[in-house]
Amino acid sequence: MGIAGKLGNLGVVTTTLETAVNWGRTNAMWPMLFGLACCAIEMMSTQASNYDLSRFGMELMRPSPRQSDLMIVAGRVTRKMAPVLRQLYDQMPHPKWVLAMGDCASCSGVFNNYAVVQGVDEVVPVDVYVAGCPPRPEQLIHGIMTLHEKVKGERIADWAS
Amino acid sequence: MVDTVDRDLAGEEGVIDSPVEETWQGTVDELKGLVSERALTGETMLLNMGPQHPSTHGVLRVLLELDGETVVSCIPDVGYLHTGIEKNMEAKTWEQALVMTDRMDYLNPMGNNLAYCLAIEKLAELDVPERAQVVRVILAELTRINSHLVWLGTHALDLGAMSVFLYCFRERERILDMFEMVSGQRMMGSYFRPGGLWRDITDDFIPTLQGFIDDFPSKLHDYEALLVENPLWIDRTQGIGVLTPEDALAWGATGPTLRGSGINWDIRKAMPYSGYENYEFDVPLGEHGDVYDRFMCRMQEMHQSVRIIQQGIKRLPKGPFRSNNRKFVPPPRAELGRSMEAVIHHFKLWTEGFKVPKGEVYIRVESPRGELGCYLSSDGGNRPHRVHFRTPSFVHLGALGKLGSNAMIADLVAIIGSIDIVLGDCDR
Amino acid sequence: MNAFNPVDMARGSLGDAVQDVVEFRGETTIVVDPARIVDVCLFFRDTEGLEYNFLEDVAAVDYYPQEPRFAVCYQLYSMIYNRTLRLKVYLPGDNPRLPSITPVWNAANFQEREAYDMMGIVFEGHPNLRRILMPEDWEGHPQRKDYPLGYEPVQFSFNYEDINRLKPYAKE
């Protein structure tokens, strides 16, 4: 195919831009420090030297929601905490993703009662759910890898509109 | 939202609204007793150290009244992790409820199990074999080391020493591997059951434990070399957050928070449980009651835990790992093929659960944070009638208002770290 | 200093404030008149030979549908003589009130707030009686026996769609 064909059909450039942008997003996704309960300890273990999270570009756990991309909801969200969670999610700039870590964040886990929100997807839209009580660091890393796959599959048409 | 705004108090309209409305959800009258008058006129600032904060060790909200950098009064607001565990346990059978106790103080899961199991065993007058008691002591001390390592890592991280965090979690991985060997789960094992243990310890547990215990004191010396005589650490922790012995007793402080002020009280020595009277160990005490003394208490406690574990390994007898009382403990699977009573016991235990006689008891154990108490009330049925846990973090946070007044904000971070709160323990 | 028997001392000095004494599994429980709880606590804290200087626990219990419905158990500990004691007060079901013991031990501050929040027992004289574990505007007292657990039914295949329709999923 000649240059004219490639120049005329801009499809090639679009795909490469998507891949480049998604590559940039996945390889430097900064998580927000949102550890609530026991899963937070396993998240800290994943961050530490044995199961290193910084090889995925995630060593900077940003406490400020304005500077982070990924909110890992690690732990049980109670009814008192739910408005705070939503406020923090709203403060995060686009693009943002939410990973529900653990059984309590996914579906309230062991706690089926008045005080715990039955799954954090009642408060914020969730992209990836990681099961476990608490999930092993390998499970959390698998969840993050799944999120990376999802982000790599995003198309310009979705987020540029 | 503010319902009643006392306009007389403000000099002009609008002065009182903005500092109070954003951070205080009650009425202004309720606030009057808690902060000084200078806050209501706007002279000092009300600042929210919110539930999501890197240094509050979980979801703790502290309402600070600030005069520049000095904290005039601080009001802790807890409950952001209240999971209703006590009420949920009333809806499950005795052994099902045990699983929920792990998740209360999530840095000390075996300790929570131990408190609950001891309470059931006292109520039901269950015997616990010697082997189970020794294993319980070994695992409880390992959990104490585990919890102190996380405390040390996060406390040092708050005050700026980041490499200690990575070292502590490296040791923690070895301990978590050992927990996984016995119970199958890294953190929430639910390994202690009423009557003993869930299953016997595996063959590779003791050699791994021995290897870890031989190695660990040298690692502790590394951490001490980094921090104990470090002039920066000493500047940031000595003289900060002083808790006098009288205040400590009045506010209900226990554990290293109390021993840092010089009062010699350790439940393992005063009211021993699970065979602790047979072990030789010292109880480290502080002198001044400041952050540094509490830090030294916990570091020394890790050394003493190593001593206890070494004695435990030597003492470990052969024998059964759980009580033989078939009304409470299920029979082993091999017996089901041979004995009709075993089948009946198995059936009753798996469908209905065991019944605990009517009464109430209170059991206390020494958790890494302080005194963990379990008040258990039974009405003779197969479910708990009322379980109440007296958790050390909840009581210590009551004292934060006293500890934090007249401190600088940066010192408040050190104080919160030194009383070692875990919000799951506080809010349950 | 010799330790005196708390039950004998209490019966002797406090008279009719002591309503009952129960010994169970090695623990002594003294049932006390709720209106005089502060005097009783001061007596146990300050008398020579008793000196219960530490308040361990304040636990509220709901005995629904029995009357008296509520009970508050105070767990005391004497560090000097190394022994424990439980004081129990029974309260009626409607309008349970009793004096707060925060003047005696400050440790009761947060514990009584929790008993108020969870069971609805009002402690008169408490400096700051507000909800502590539940949100400020929550209605009801969760740990009472007539308060529902609030669980969501488990989703099986036969009721999956029904529950899914009612679940408040978050929009963007």
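Remember, it's a predicted structure, so these values are computed and weren't measured experimentally.

Comments concerning the overall build of chain A
Assigned secondary structure in chain A consists of seven helices and four strands. Taking all 161 residues of chain A together, the buried fraction comes to 53%. Sequence-distant contacts in chain A: of pairs separated by 6 or more residues, those separated by 24 or more amount to 77%. Summing over all exposed atoms, chain A offers an accessible surface of approximately 6,800 Å²; the carbon and sulfur share of this is 59%.

A word on the overall build of chain C
Scanning chain C for helices and strands turns up four helices and seven strands. Listing every helix and strand of chain C by position from the N terminus yields α-β-β-α-β-β-β-β-α-β-α. In terms of overall size, chain C is more extended than a compact globule, its C-alpha atoms giving a radius of gyration of 21 Å where 172 residues would be expected to give roughly 16 Å. For chain C, the C-alpha atoms occupy an extent of roughly 70 × 35 × 30 Å along the three principal directions. Of all 172 residues assigned to chain C, the portion counted as buried reaches 56%. Sequence-distant contacts, at least 24 apart, represent 50% of the contacts inside chain C between residues at least 6 apart. Entry remark: accessible area of chain C is about 7,900 Å², with carbon and sulfur atoms responsible for 50%. If you average the places of the 17 positive and of the 27 negative side-chain charges in chain C, the two averages end up 3 Å apart.

Observations concerning the interface of chain B and chain C
How big an interface is tends to be reported as the loss of accessible area on association of its parts. On the side of chain C, 44 residues touch chain B, which itself brings 47 residues to the contact. The largest contributions to the chain B side of the interface with chain C come from Lys87(B), Glu360(B) and Phe394(B), which together make up 17% of the buried area. Here chain B and chain C share seven salt bridges between them. In this structure, Lys122(B) engages Glu27(C) in a salt bridge whose closest nitrogen and oxygen atoms are separated by 2.7 Å.

Section: the sheet that holds strand β4 (residues 128–130) of chain A
Residue and element names in this part refer to chain A. Taken together, four strands build an open sheet; the order of strands is β1-β2-β3-β4 and the sheet is parallel. Each having just a single partner strand, β1 (31–32) and β4 make up the two edges of the open sheet. As paired strands, strand β2 (residues 70–74) and strand β3 (residues 97–101) are joined by five bridges and run parallel to one another. Residue pairing in the sheet places Val73 in a bridge with Ala100 of β3. Packing of helix α3 (residues 38–47) onto the sheet brings it into contact with β2 and β3, and relative to β2 it is tilted by some 130 degrees.

Quick look at the confidence of the model for chain A
Across chain A, the average pLDDT comes to 84, with 89% of residues at 70 or higher. By mean pLDDT, the top-scoring element of chain A is β4(A) (93), and the lowest-scoring one is helix α1 (residues 3–8) of chain A (55).

Quick notes on the packing of aromatic side chains
All names here are of chain B. What the rule picks out here adds up to 19 aromatic pairs over all chains. Consider the rings of Tyr273 and Tyr276, whose centres lie 5.1 Å apart with planes at 70 degrees: the pair is edge-to-face. Residue class for Tyr273 comes out buried when judged on its relative accessible area of 9%. Accessibility expressed as a relative area gives 1% for Tyr276, which makes it buried. Taken together, the ring pairs in this structure connect Trp151, Trp233, Tyr292 and Phe295 into an aromatic cluster. Positioned above the aromatic ring of Phe281 is the side chain of Lys269, whose terminal nitrogen or guanidinium carbon lies 4.1 Å from the ring centre.

So, the pattern of salt bridges
All chains considered together, the criterion is met by 50 salt bridges over all chains. Close ionic contact of Arg69(C) with Asp62(C) constitutes a salt bridge, the shortest N to O distance being 2.9 Å. Under the relative-accessibility criterion, Arg69(C) is labelled buried at 8%. A residue is classified by how much of its surface remains accessible, and Asp62(C), at 2% relative accessible area, is buried. Of the charged contacts in the structure, one is a salt bridge between Asp146(C) and Arg69(C), with a shortest N-O distance of 3.1 Å. With Asp146(C) in the loop between β7 (122–124) and α4 (160–166) and Arg69(C) in the loop between β3 (54–62) and β4 (70–78), this pair connects stretches of sequence that are 77 residues apart. Relative accessible area serves as the criterion here: at 44%, Asp146(C) is assigned to the partly exposed category. Among the ionic contacts, a cluster of salt bridges with common partners joins Glu141(B), Arg144(B), Arg259(B), Asp266(B), Arg268(B), Glu301(B) and Glu366(B).

Some thoughts on the sheet that holds strand β8 (residues 386–390) of chain B
Sheet strands pair via backbone hydrogen bonds, and the direction of the pair is either parallel or antiparallel. Residue and element names in this part refer to chain B. Sheet architecture is open: three strands sit in the order β6-β7-β8, paired in antiparallel fashion. Two strands close off the open sheet at either side, each with one partner strand: β6 (359–367) and β8. Shown here is a sheet whose adjacent strand axes are inclined to one another by a mean of 15 degrees, direction ignored. Examined bridge by bridge, β6 and strand β7 (residues 370–378) share nine bridges and lie antiparallel to one another. Considered in β7, the bridge of Gly359 is made with Ser378. Contacts from helix α6 (residues 109–124) reach β6, β7 and β8, with the element oriented near 150 degrees to β6.

Let's talk about the nonpolar core
Counting 165 residues, the largest nonpolar core has Met71(A), Val73(A), Tyr116(B), Leu139(B), Leu142(B), Leu152(B) and Leu376(B) as the members making the most contacts within it. Sort the elements by how many residues they give to this core and helix α7 (residues 130–158) of chain B lands first, with 14 residues. Filtering out sequence-adjacent residues up to four positions away, Leu139(B) remains in contact with Met110(B), Phe179(B), Val182(B), Tyr191(B), Phe192(B) and Phe205(B). Counting 35 residues, the second-largest nonpolar core is a separate cluster that includes Tyr52(C), Leu55(C), Leu76(C) and Leu98(C).

Topic: unusual backbone geometry
In this chain, Cys133(A) is followed by Pro134(A) through a cis amide linkage whose omega measures -10 degrees. Of note, Pro134(A) is situated in the loop between β4 and α6 (137–152). Cis geometry is adopted by the peptide bond preceding Pro65(C), which originates at Tyr64(C) and carries an omega value of 0 degrees. Tracing the sequence through the fold places Pro65(C) in the loop between β3 and β4. The phi dihedral of Asn82(C) is positive, around 55 degrees, even though this residue is not glycine. As for its position among the elements, Asn82(C) is in the loop between β4 and β5 (83–91). One non-glycine residue, Asn95(C), adopts positive backbone phi at about 60 degrees.

Observations regarding the interface of chain B and chain A
On the side of chain A, 32 residues touch chain B, which itself brings 34 residues to the contact. Summing the contributions of chain B and of chain A, the shared interface buries around 2,900 Å²; its carbon and sulfur component is 62%. If you look at where chain B meets chain A, you find three salt bridges. Arg186(B) serves as the salt-bridge partner of Glu42(A), at 3.0 Å between the closest nitrogen and oxygen. Within the residue set of the side of chain B that touches chain A, elements represented by two or more residues are α4 (85–89), α7 and α8 (162–183) of chain B. Broken down by element, the side of chain B that touches chain A gets its largest block of residues, seven residues, from α8(B).

Analysis parameters
- Residues numbered from 1 in each chain as written.
- Chains lettered and ligands numbered in written order.
- Predicted model: local features only at pLDDT ≥ 70, side-chain atom pairs only at ≥ 80, totals over all residues.
- Heavy atoms only, no water.
- Helix = DSSP H or I, 4+ residues; strand = E, 2+ residues; numbered from the N terminus.
- Buried < 20%, exposed > 50% of the residue type's maximum accessible area, 1.4 Å probe, protein only.
- Contact = heavy atoms within 4.5 Å.
- Areas by Shrake-Rupley, 256 points an atom, 1.4 Å probe, with all protein chains shown as cover.
- Rg over C-alpha atoms; globule rule 2.2 N^0.38 Å.
- Lys, Arg positive; Asp, Glu negative; His and termini not counted.
- Charge placed at Lys NZ, Arg CZ, Asp CG, Glu CD.
- Buried area = accessible area lost by both parts, 1.4 Å probe.
- Salt bridge = Lys/Arg side-chain N within 4 Å of Asp/Glu carboxyl O.
- Pairing = 2+ DSSP bridges.
- Axes fitted to C-alpha atoms, helices over the stretch in contact; angles between N-to-C directions.
- pLDDT = per-residue confidence, 0-100.
- Phe/Tyr/Trp six-rings, centres within 6.5 Å; stacked < 30°, edge-to-face > 60°.
- Lys NZ or Arg CZ within 6 Å of the ring centre and 35° of its normal.
- Core = buried A, V, L, I, M, F, W, Y, C linked by side-chain atoms within 4.5 Å.

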